[in-house]
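Residues per chain are reported as follows:
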Amino acid sequence: MTPRPVAATGLALGLLLASCGGDDDAGDGAGGATSSTTATSSATTTATTEDPEAVERQAVIDAYLAAEDAALAASAPPTPNPELPALLSTHTGLILEERQETILGLRANGWAIRLPEASRFNLDVESVQFEGDNVAILEVCGLDDGERFVVETGEVIASGLVTVELTAAMERVDGVWQLSERREENQWEGQAGCAAG
């Protein structure tokens, strides 16, 4: 499995960048940007040149995790950056616009997202299903303990551990897998639901 925080933006799964509005719901929190995503995958098999589908599946998983890492980095202190090259190269379509709007909201409020020390942030890609040659659908279980905080003072606005179950869509654009959609299916406080046990 590949547990990881999910941001709430658009089709989005909602943990990672959660709405910047002013609610203190920990589910809004998102993974910070100071450390890269930890992820594993129950869908991952040993990819060899003799198993092209396994190789492609791993490429999709790697691209998805890179997209989540980029979103975390773009929302990090000292100044959230909606034009971060890594964000632009790993996202496409509406999810890119939604995440950029969220990051702009963070910046306008003087906020950013970070992971706490000893963070449990993690994403678990449970399955990858291909729809034709250019679309892949991922089922993901994530743990998110990201903190939304005031950059100038360090005051934490939203924090806490949540578990999120989500569906993500990856689209191959010019030969590169990019995150195109993200939808939160369920959310629980603490480590629960799809991450229980």
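Each chain carries its own residue numbering, running from 1 in the written order of its sequence. Local features in a predicted model are, by the rule used here, given only for residues with pLDDT of at least 70; side-chain atom pairs are given and counted only at 80 or more, and totals for whole chains, interfaces and linings are based on all residues. Side-chain metrics rest on all non-hydrogen atoms present in the structure, leaving aside hydrogens and water.

A. Structural view of the overall build of the protein chain. Per the convention used, a helix needs a DSSP run of H or I reaching at least four residues, while a strand needs a run of E reaching at least two, with both numbered from the N terminus. Tallying secondary structure elements over the protein chain gives 3 helices and 10 strands in all. Burial classes follow relative accessibility: with a 1.4 Å probe on protein chains only, a residue under 20% of its type's maximum area counts as buried, one over 50% as exposed, and anything between as partly exposed. Burial status across the protein chain gives 50% buried among its 197 residues. Pairs at least 24 apart in sequence give 67% of the contacts found in the protein chain among residues at least 6 apart. Note on definitions: a residue-residue contact is assigned when non-hydrogen atoms from the two residues lie within 4.5 Å.

B. A look at the sheet that holds strand 7 (residues 147-150). Each pair of strands is called paired provided DSSP finds at least two bridges between the two strands. Here we have 3 strands laid out as an open sheet, ordered 4-7-8, and antiparallel in their pairing. Looking at the sheet topology across the chains shown, the edges are occupied by strand 4 (111-114) and strand 8 (156-158). The sheet shows a mean angle of 40° between the axes of neighbouring strands, taken without regard to direction. Axis angles are defined between N-to-C directions and span 0 to 180 degrees, where every axis is a line fitted to C-alpha atoms and, for a helix, only to the segment in contact.

C. Local environment of the nonpolar core. In plain words, nonpolar cores are sets of buried Ala, Val, Leu, Ile, Met, Phe, Trp, Tyr and Cys residues tied together by side-chain atoms within 4.5 Å. Counting 20 residues, the largest nonpolar core has Tyr64, Leu138 and Met170 as the members making the most contacts within it. Top contributing element to this core by residue count: helix 1 (residues 52-74), with 6 residues.

D. Representation of the confidence of the model for the protein chain in the model. The score called pLDDT rates the predictor's confidence residue by residue, from a low of 0 to a high of 100. Taken as a whole, the protein chain shows an average pLDDT of 83; of its residues, 75% reach a score of 70 or greater. Note that pLDDT drops below 50 for residues 1-35; the model gives that stretch 188 contacts with residues more than four away or on any other chain. pLDDT under 50 marks residues 38-47. Its contacts with residues more than four places away, or in other chains, come to 35 contacts.

E. The pairing of strand 6 (residues 135-144), seen in detail. Within strand 6, 7 of the 10 residues are buried, which leaves the element mostly enclosed by the surrounding structure. Summarising the sheet, strand 5 (residues 122-130) and strand 6 pair through 8 bridges and their orientation is antiparallel. Bridge pairing in strand 6 places glutamine 129 opposite isoleucine 137. Alignment of strand 6 against strand 9 (residues 162-173), held across 10 bridges, turns out to be antiparallel. In the strand pairing of strand 9, glutamate 139 is matched with threonine 167.

F. Representation of the packing of aromatic side chains. Only the six-membered ring of Trp is used, alongside the rings of Phe and Tyr, when aromatic pairs are assigned; centres must lie within 6.5 Å, and planes under 30 degrees apart are stacked while those over 60 apart are edge-to-face, with the rest tilted. Overall, the coordinates contain 1 aromatic pair when judged by the stated rule. For the ring pair phenylalanine 130 and tryptophan 177, a centre distance of 6.2 Å and an interplane angle of 50° mean the geometry is tilted. With phenylalanine 130 in strand 5 and tryptophan 177 in strand 10 (residues 176-189), this pair connects stretches of sequence that are 47 residues apart. The ring of phenylalanine 149 carries arginine 114 above its face, with NZ or CZ at 3.9 Å from the centroid. Placement of a charge over a ring requires the Lys NZ or Arg CZ to be within 6 Å of the ring centre, with the centre-to-atom vector within 35 degrees of the ring normal.

G. Layout of the state of the cysteines. Counting rule for disulfides: a pair of cysteine sulfur atoms within 2.5 Å. Summed over all chains, the structure comprises 1 disulfide. Between cysteine 141 and cysteine 194 runs a disulfide, and the two sulfur atoms are separated by 2.1 Å. Residues cysteine 141 and cysteine 194 are joined by a disulfide whose S-S torsion is about 85°; by sign, that bridge is right-handed. One end of the pair, cysteine 141, is in strand 6; the other, cysteine 194, is in the segment after strand 10, with 53 residues separating them in the sequence. Look at cysteine 141 and you get buried, because its relative accessible area is 1%.

H. View of the side chain of threonine 90. Counting through the fold element by element, threonine 90 comes out in helix 2 (residues 85-90). For threonine 90, the contacting residues outside a window of four places in its chain are Ala66, Ala67, Ala70, Gln178 and Leu179.

I. Focus on the pattern of salt bridges. In the sections that follow, a salt bridge refers to a side-chain nitrogen of Lys or Arg positioned within 4 Å of a carboxyl oxygen of Asp or Glu. Tallied over the entire structure, the rule returns 6 salt bridges. As a salt-bridge pair, glutamate 56 and arginine 172 come within 3.0 Å of each other at their nearest N and O atoms. Here glutamate 56, found in helix 1, pairs with arginine 172, found in strand 9; they are 116 residues apart in sequence, far enough to count as distant. Of the residues examined, glutamate 56 reaches a relative accessible area of 24% and is grouped as partly exposed. Residue arginine 183 pairs with glutamate 185 through a salt bridge whose shortest N-O separation is 2.9 Å. A relative accessible area of 39% places arginine 183 in the partly exposed class. What makes glutamate 185 partly exposed here is its relative accessible area of 33%.

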